[in-house]
Structure formats: C-alpha cells, structure tokens
Amino acid sequence: RRLLGTATATGAAGLVAGGTGVTAVLRDTGDESVPLTTVGATRVPFHGTHQAGITTPLQAAGHLAAFDLTPGAGRKQAAALLRRWSRTAARLTAGEPASDGDTGIALDAGPSSLTVTFGFGHTFFDRTDLTARRPAALAPLPPFSADALDARRSDGDLWVQIGADDPLVAYHALRAVLRDAGETATLRWQTRGFNRTPGATAEPRTARNLMGQVDGTNNPTPADDDFAARVFVPAAGQPDWMANGSYAVFRRIRMLLDRWETLPLERQERVIGRRKSDGAPLSGGGEHTPVDLGKFGADGALAVAGDAHVRVAAPASNGGAAMLRRPFSYDDGLRDDGAPDAGLLFIAWQADPRHGFVPVQRKLDRGDGLSRFLRHEASALWAVPGGAADGEYVGQRLLE
Ligand code: HEM
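Residues numbered from 1 in each chain as written. Predicted model: local features only at pLDDT ≥ 70, side-chain atom pairs only at ≥ 80, totals over all residues.

**Some thoughts on the UniProt feature "domain: Dyp-type peroxidase N-terminal" (unreviewed entry) in the chain**
Here is step 1: Residues annotated in UniProt with the feature "domain: Dyp-type peroxidase N-terminal" (unreviewed entry) correspond here to residues 51-195.
Here is step 2: Between the first and last C-alpha atoms of residues 51-195 the distance is 20 Å; the span itself is 26% helix and 22% strand. (UniProt positions renumbered as here; feature names shortened; annotations may be inferred. Helix = DSSP H or I, 4+ residues; strand = E, 2+ residues; numbered from the N terminus.)

**A closer look at the UniProt feature "domain: Dyp-type peroxidase C-terminal" (unreviewed entry) in the chain**
Here is step 1: Per the UniProt entry, the sites bearing "domain: Dyp-type peroxidase C-terminal" (unreviewed entry) are residues 206-388 in this numbering.
Here is step 2: Split by type, residues 206-388 is 19% helix and 22% strand. Its first and last C-alpha atoms lie 30 Å apart.

**Re the site of the ligand**
Here is step 1: For the ligand, the set of nearby residues contains 27 residues, the closest of which are Gln213, Asn218, Ala313, Leu344 and Gln361.
Here is step 2: Mapped by element, the contributors of at least two residues to the shell around the ligand are strand E9 (246-255), helix H7 (309-313), strand E12 (340-350) and helix H8 (357-367).
Here is step 3: No other element matches the 4 residues that H8 contributes to the shell around the ligand.
Here is step 4: Per-class residue counts for the shell around the ligand are 15 nonpolar, 9 polar and 3 charged. (Near = placed C-beta within 6 Å. Nonpolar A, V, L, I, M, F, W, Y, C, P; charged D, E, K, R; others polar.)

**Side note on helix H3 (residues 167-181)**
Here is step 1: Between its first and last C-alpha, H3 extends 21 Å over 15 residues, near the 21 Å set by a 1.5 Å rise per residue.
Here is step 2: Those residues of H3 not exposed but buried are Val169, Ala170, His172, Ala173, Leu174, Ala176, Val177, Asp180 and Ala181.
Here is step 3: Lining the buried residues of H3 we find strand E5 (61-69), helix H1 (75-93), strand E6 (115-120), strand E7 (158-164) and strand E8 (185-194). (Expected span 1.5 Å × (residues − 1). Buried ≥ 20, exposed ≤ 12 C-beta atoms within 10 Å, placed from the backbone. Contact = placed C-beta atoms within 7 Å.)

**Some details on the nonpolar core**
Here is step 1: Counting 95 residues, the largest nonpolar core has Ala173, Val177 and Trp382 as its most contacted members.
Here is step 2: Considering each element in turn, this core owes the most residues, 7 residues, to H3.
Here is step 3: Each residue touching Val177, except ones within four places of it in the same chain, is listed here: Ala65, Trp85, Thr88, Val116 and Val160. (Core = buried A, V, L, I, M, F, W, Y, C linked by C-beta atoms within 7 Å.)

Below, the structure is given as structure tokens:
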C-alpha cells in the first residue's frame, strides 16, 4: 500500500488518517492501492457552535425533508426525536453506522462531508405548546406577487437538510432520519438536489446553476467582518435557545429553461449583470471585482442594467440586506406540459429573514429581469438552532 504524505493506515476499511485530521480513501489497483481522492473520507464535525451544513462548502448531493408531528406527539416526543436524530447524525457524520440494524447503503463510502442540519417551522411551536417561545423572526413569509406555491411541498413542523459529496451517503442518512422519525413524525415533503462534484474542476471554483451561471460569487464569506452578524443569531440573541442559530429560507424555484436557453448569450448576461463564462461583472474586471452599479458603457447605458439581477438583489439596493445563499440544483424530469421540472432549491441563511430574504425578494418580485424565467413553487422558513455540544442534542435548550 502506498501512502501519501504523513498519512498512516488505520485499519481494514482502508481509511487513512493524516496529522491534520484530513483522511483519504485508498483505491485498490491490484499490486498497490493509491488514494483516488480525499472526498470520501472527509469529515465535517456534527458538534460545534453552529450546526454544520451552513458554512460547509456546497456538497454534491442533498436531500431536504420536512416532517409534521403526528397527532399524538407533543413536546416530550419531539425532544426524544431530536435526541435520536442528533445521535444518528453524530454517528453518520463520523462515518459510523447509524445503529446495529444499519441499512449498509454507505458501508464503504466514508462520511463524504456528510452534514445533517435540523430546523423548526412556525407550526412546530403550537403543536408542542411552545408558542410563547416561538421567535418573532419565524413569522410566516409575506406573499409575493409572483408566487405559485404548492402548499403540499411547502412548510412543515420540522426540517432536515442532508448534504454529502456522495449520493449513496446522502441517501443513507435520509433513510436513517426517516426511520428515526418512527411514530413521532411523518414525512410532509422531500426533495433531492445536487451540485458540482468536488474535484471536477482543475481548481476550486464557484459553482454553476442549471442556467449555466456562476452562482455564489457575491455571497458573504466568513472572512468578512460582518459575516457572523449577517448569518447567525448572536450568542446573547433572542430567544435564548436560538443563540448561534440561523434562519433558513427555502424556495423551490423552477427555471423556465426552454425559454432561457433560446435567449442569446448577450441577453442572458444582461439579465444577470455578469458574464456567463467566468461570472465577471459587466462593469468590468474579474469574477471577484466589486460590481460598479454606477458605471455607464460607451453607448451611454448602464453597464449593469437597471433590472439586472445583481443590481436588484445587491445589499446596496436593499438597505444593506444580505444573506448566505447555499443552494442545490434539482431535476425532477419533465412536467406534463413537456417542460423541464428543474431549477434551484434556493436556501438562504441569515440572522433574521425580515432583514435578509424578505426585503430582497420584495424588490426582486417587482423589478428583476431574471424573474421572467423563474417560478417560485414551494417555500418554507426554518428556525435552525445553534449546534449541539458533545452529549447534547440539537434544540435541547428549547425542548428540555
Ligand atoms: C446573485 C442567480 C434567486 C439573491 C446572483 C448571481 C446569480 C444568481 C447568477 C450572481 C453571482 C453571485 O453573486 O452569486 C440566481 C438564480 C435564482 C436566484 C438562478 C433563482 C433560480 C435569488 C433569490 C434571491 C437572490 C430568490 C433572494 C431573494 C441574490 C443576491 C445576490 C445574487 C443577494 C448577490 C447580489 C450582489 O450583492 O451582487 N443570483 N438567483 N437570488 N442573488 Fe440570485
């Protein structure tokens, strides 16, 4: 067996652990095993200040699942469920089986950056007699004029977001989560998403969506001074059980791809305000050059059009409102009308949706060039508590 760098072998499963905590899987090529990638063995800790799956780099495969508590289930049963879910998530994200009767779906694939993130919906608090502790920020999202929402695929009492860099690992986690739900909660809706596979590009690059655009460039990053304030509820924030938590807005946004794909490249770029090839703003520079919204071209017109998505969505156009967009793409085949049922599982993370998603979507709803090619078909808002410490479960401070 050939080992890379400082790595040392740790057993029959072929797992190799390095001094940095980075692990690599060996590929058997006959006379020797060589590491194929570190993707399978990469581990994202479940325990921590914040839940995993918020600032974790985009994963290649994901499932979003919403549950409703069963009629007999209240706070006590919900607490037991969150305890089961947290225990399962801690095991799976460490690359261990879920339980003795594990399905075996991910037996040889490593944790593959698996994250399992839990959230509470508005209705959860009435069902568990915890209405008094429901955060004001969890007020239902206002209606938007372009909404065409399907209630059966929206909302719910509880939310589980699963992400992993391997589809079998992600599905394994989904099965375990469903089994844990037992008689306490029933699945309300579920949907599956994907992103680019890590390592598919020669160097790390911002992801693309199904419209072909580089998507995620102007996200807040942890290096920004105001990142934590924008994305997370402060440690001393209210309500106390949401300390270090975040609010996730989910929108299932179908793309009118047949129409979009017939649009000439120049028009596509005008709609967003960025170049398709490399995501550079139409005001000049490279992908990460700040957008100059005041710049005029030689033709006397604004370089970034008045209704360009990046202008209308920018914090500068929305009183500073910002959010961390961490989506998955989705593809559910063709609709009855023959159009692709595909688009973006838009997930935006923020400290308070009333100062993040809501004002931005209001603005987009009125004058965004991109909206002509989109349909918002499902929606949900989740209170995602802070991360659990070792030995704790997610939501313990609310439910104990
Ligand atoms: C920026 C695509 C929906 C908020 C962008 C960019 C693209 C994009 C390509 C430019 C690159 C970047 O900075 O990430 C899309 C697509 C959508 C969608 C395809 C739907 C399928 C939304 C929604 C919101 C939103 C619903 C919020 C309500 C933003 C924000 C930016 C952005 C805040 C950054 C603007 C800036 O500061 O430059 N989007 N977007 N987007 N989008 Fe969207």
